[in-house]
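Commentary on secondary and tertiary structure
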Amino acid sequence: MTGATQTQKSVLITGASSGIGLQLAYDYLAQGWQVYACGRNEQGLATLFGATKLLFDINDTDAIAVQADLIKAQQVQLDLVILNAGTCEYVDDAMHFDGQLFERVIRTNVISMGHCLAAFLPLIKTGGRIGLMGSSAVYLPFPRAEAYGASKAAVQYLASSLSLDLKPHGIGVSVICPGFVKTPLTDKNNFAMPMQQTPIQASAAIRQGLEKGRQEIHFPRRFTLILKFISLLPRGIWQKMVQPSQASATEQVTAPEANPHSNKPTDNRKVR
């Protein structure tokens, strides 16, 4: 592993072996950044020529600490950290709520993000920024999204609160709320994904938002602004708009998701 030069900007990206994370790593490398690409898919990381590859699972707390120590030993201060890795599983039968499924999603999307914050926040320089991957699903509740939506709502609050406490330390915080992004895993979805974007488009929106220091980065804006508008309507109205019919309740999923990053997928799991 080689450290970044004093003038070279540095970024650490989790979930960098596929989807949005992989595209972000490509694009930051093309801009001349030192990229610390984190992921558990060795083949995906292998395509990132010039990046420092950190192979670990975000659910492995000890592995996170080891990688942070390796970066610290190089006396590298990071300009940017993007905690992008996450997962999504859907609750197919709310009447027989799957507590283990719920725990898996919360653990990966929230608890593991907390461990990453503990490990990587001390490595961010004054004037740096951290981006937390949320979802535009937080703007409205969606069928079957009890676990995924709850985890992303937690990320939304985490980012908002963290921004208050890190401001005195000169570190900015952004929450990233994508709509639907085309990836190999979302290609398998059997429901409509309106205004779907490519990872290239998603990466461009995220990088621009981070560069401008936006606290909330949501895209595509036509889609996310519609969700935000609907959320302002009386509860009875928007509930009718998102409630699936009885016949399609077990098939329809409308919660926005992005950037697949798998953690031992099961049949009903869609991963971001």
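Preceding this section is the structure that the text describes.
Residues numbered from 1 in each chain as written. Predicted model: local features only at pLDDT ≥ 70, side-chain atom pairs only at ≥ 80, totals over all residues. Heavy atoms only, no water.

1. A look at the packing of helix α1 (residues 19-30) against helix α6 (residues 199-211)
Look at α1 against α6: their axes get within 9 Å of each other, and the N-to-C directions meet at 65 degrees. Judged by the sense of rotation from one axis to the other, the crossing of α1 with α6 is right-handed. Between α1 and α6, the contacting residues are Gly19, Ile20, Gln23, Leu24, Asp27 and Tyr28 on the first element and Pro199, Ile200, Ala202, Ser203, Ile206, Arg207 and Leu210 on the second. Classifying every residue of the contact of α1 with α6 by side-chain character gives eight nonpolar, three polar and two charged. (Axes fitted to C-alpha atoms, helices over the stretch in contact; angles between N-to-C directions. Helix = DSSP H or I, 4+ residues; strand = E, 2+ residues; numbered from the N terminus. Left-handed = near helix turned anticlockwise from the far one by under 90°. Contact = heavy atoms within 4.5 Å. Nonpolar A, V, L, I, M, F, W, Y, C, P; charged D, E, K, R; others polar.)

2. Quick word on the packing of aromatic side chains
Each aromatic ring pair is characterised by the separation of its centres together with the angle its planes make. One pass over the structure, following the stated rule, counts three aromatic pairs. Between Tyr28 and Trp33 the ring centres are 4.7 Å apart and the planes differ by 55 degrees, which places this aromatic pair in the tilted class. You can call Tyr28 buried: its relative accessible area is 3%. Among the residues examined, Trp33 registers a relative accessible area of 13% and is labelled buried. (Phe/Tyr/Trp six-rings, centres within 6.5 Å; stacked < 30°, edge-to-face > 60°. Buried < 20%, exposed > 50% of the residue type's maximum accessible area, 1.4 Å probe, protein only.)

3. What about the sheet that holds strand β5 (residues 124-133)?
An order of β3-β2-β1-β4-β5-β6-β7 is seen for the seven strands of this open sheet, with the pairing classed as parallel. Strands with a single pairing partner mark the edges of an open sheet, and in this sheet they are β3 (52-55) and β7 (216-219). The average undirected angle you get between the axes of adjacent strands in this sheet is 15 degrees. Sheet topology places strand β4 (residues 78-83) next to β5; five bridges connect them, and they run parallel. Within the sheet, the bridge partner assigned to Leu80 lies in β5 and is Arg129. Across the sheet, α1 lies against β1 (10-13), β2 (34-39) and β4, angled at about 170 degrees from β1, the strand it touches most. (Pairing = 2+ DSSP bridges.)

4. Side note on the pattern of salt bridges
For the structure shown, the criterion picks out seven salt bridges. Between Arg104 and Glu89 there is a salt bridge whose closest N-O contact spans 2.8 Å. Of this pair, Arg104 sits in helix α4 (residues 99-120) while Glu89 sits in the loop between β4 and α4, and the two are 15 residues apart along the sequence. For Arg104, a relative accessible area of 24% translates into the label partly exposed. As a salt-bridge pair, Lys228 and Glu216 come within 3.2 Å of each other at their nearest N and O atoms. A residue pair is termed long-range when its members are at least 10 positions apart, and Lys228 in helix α7 (residues 221-232) and Glu216 in strand β7 qualify at 12 residues. (Salt bridge = Lys/Arg side-chain N within 4 Å of Asp/Glu carboxyl O.)

5. Let's talk about the environment of Leu158
Here Leu158 is to be found in helix α5 (residues 146-166). C-alpha of Leu158 to C-alpha of Val173: the two residues are 15 residues apart in sequence and 9.9 Å apart in space. Sequence-distant contacts of Leu158, that is, excluding residues within four places in its chain, are made with Met113, Leu117 and Leu132.

6. Let's talk about the side chain of Thr14
Mapped onto the fold, Thr14 is located in the loop between β1 and α1. In this structure Thr14 comes out as buried when scored by relative accessible area, which is 2%. Side-chain polar atoms of Thr14 contact the backbone nitrogen of Ala85, separated by 3.1 Å. (Polar contact = N/O pair within 3.5 Å; in protein donor to acceptor, adjacent residues only side chain to side chain.)

7. Thoughts on the nonpolar core
In this structure, Leu12, Leu83, Phe120 and Ile130 are the most contacted members of the largest nonpolar core, which totals 48 residues. The residues contacting Ile130, other than those within four sequence positions of it, are Val81, Leu83, Leu117, Leu121, Ile124, Gly172, Val173 and Ser174. Listed in part, the 25 residues of the second largest apolar core include Ala51, Ile82, Met133 and Phe219. (Core = buried A, V, L, I, M, F, W, Y, C linked by side-chain atoms within 4.5 Å.)

8. Some points on empty space enclosed by the protein
Per the counting criterion, the structure on display carries one cavity of 30 Å³ or more. The calculated volume of the largest cavity comes to roughly 50 Å³. Forming the walls of the largest cavity are Thr14, Ile58, Leu83, Asn84, Ala85, Thr108, Asn109, Ser112, Met113 and Cys116. With five residues, α4 is the largest single contributor of residues to the lining of the largest cavity. (1 Å grid on protein atoms, 1.4 Å probe; cavity = no way out; pocket = protein on both sides within 12 Å on 5 of 7 lines; lining within 4 Å. Points joined across faces, edges and corners; volume = space filled by probe spheres on them.)

9. Brief notes about α4
The end-to-end C-alpha distance of α4 is 30 Å, a good match for the 32 Å that 22 residues give at a rise of 1.5 Å each. Maximum bend of α4: about 40 degrees, positioned at Arg107. All buried positions along α4 are accounted for by Leu101, Val105, Thr108, Asn109, Val110, Ser112, Met113, Cys116, Leu117, Ala119 and Phe120. On the buried face of α4, the contacting elements are β1, α3 (61-73), β4, β5 and α5. (Expected span 1.5 Å × (residues − 1). Bend = angle between axes of the 7 residues up to and from the residue.)

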